[in-house]
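# Notes for the structure review
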Amino acid sequence: MNVNPIEMQKALGGVHYPASKQDIVGTAQKHKAGQDVMEALKSLPEKEYDSPAAVNREVGKES
């Protein structure tokens, strides 16, 4: 999945890490993230993420 990293960072602004998938998706929804970003985040495995970089790495694996 090809997600713009800047859009991803905007969507994740304000997330307090470590964060669950549910926290991350909820924050992205509040920031009105685009469809590509939302699809990528919703496809993340259910686990705790310790940083925005960890989220980006996991999204990168989906590509």
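Structure first, text after, so check above.
Summarised in this report is the structure supplied together with it. If you're wondering where the values come from, they're calculated on a predicted model, not measured in any experiment.

## Considerations on the overall build of the protein chain
- Looking only at helices and strands, the protein chain features four helices and two strands.
- Helices (α) and strands (β) of the protein chain occur, in sequence order from the N terminus, as α-β-α-α-β-α.
- Principal axes of the C-alpha set define a box for the protein chain whose edges measure 25 × 25 × 15 Å.
- A burial count over the protein chain gives 38% of its 63 residues as buried.
- A total accessible area of about 4000 Å² is found for the protein chain, and carbon and sulfur atoms account for 49% of it.
- Averaging the positions of the 8 positive and the 9 negative side-chain charges in the protein chain gives two centres separated by 3 Å.

## Overview of the pattern of salt bridges
- The full count for this structure, using the stated rule, is three salt bridges.
- We note a salt bridge from Lys-47 to Glu-58, for which the minimum N-O separation is 3.2 Å. Of the two residues, Lys-47 is situated in the loop between α3 (35-42) and β2 (48-49) and Glu-58 in helix α4 (residues 52-61); the sequence distance between them amounts to eleven residues.
- You can call Glu-58 buried: its relative accessible area is 8%.
- Taking the shortest distance from any N to any O, the salt bridge between Lys-61 and Glu-58 comes out at 3.7 Å. Taken as a pair, Lys-61 and Glu-58 lie in helix α4 at a separation of three residues, close to a single helical turn.
- Residues participating in the shared-partner salt-bridge network are Lys-47, Glu-58 and Lys-61.

Quick notes on the rules
- Residues numbered from 1 in each chain as written.
- Predicted model: local features only at pLDDT ≥ 70, side-chain atom pairs only at ≥ 80, totals over all residues.
- Heavy atoms only, no water.
- Helix = DSSP H or I, 4+ residues; strand = E, 2+ residues; numbered from the N terminus.
- Buried < 20%, exposed > 50% of the residue type's maximum accessible area, 1.4 Å probe, protein only.
- Areas by Shrake-Rupley, 256 points an atom, 1.4 Å probe, with all protein chains shown as cover.
- Lys, Arg positive; Asp, Glu negative; His and termini not counted.
- Charge placed at Lys NZ, Arg CZ, Asp CG, Glu CD.
- Salt bridge = Lys/Arg side-chain N within 4 Å of Asp/Glu carboxyl O.

Purely geometric numbers; function is a separate question.
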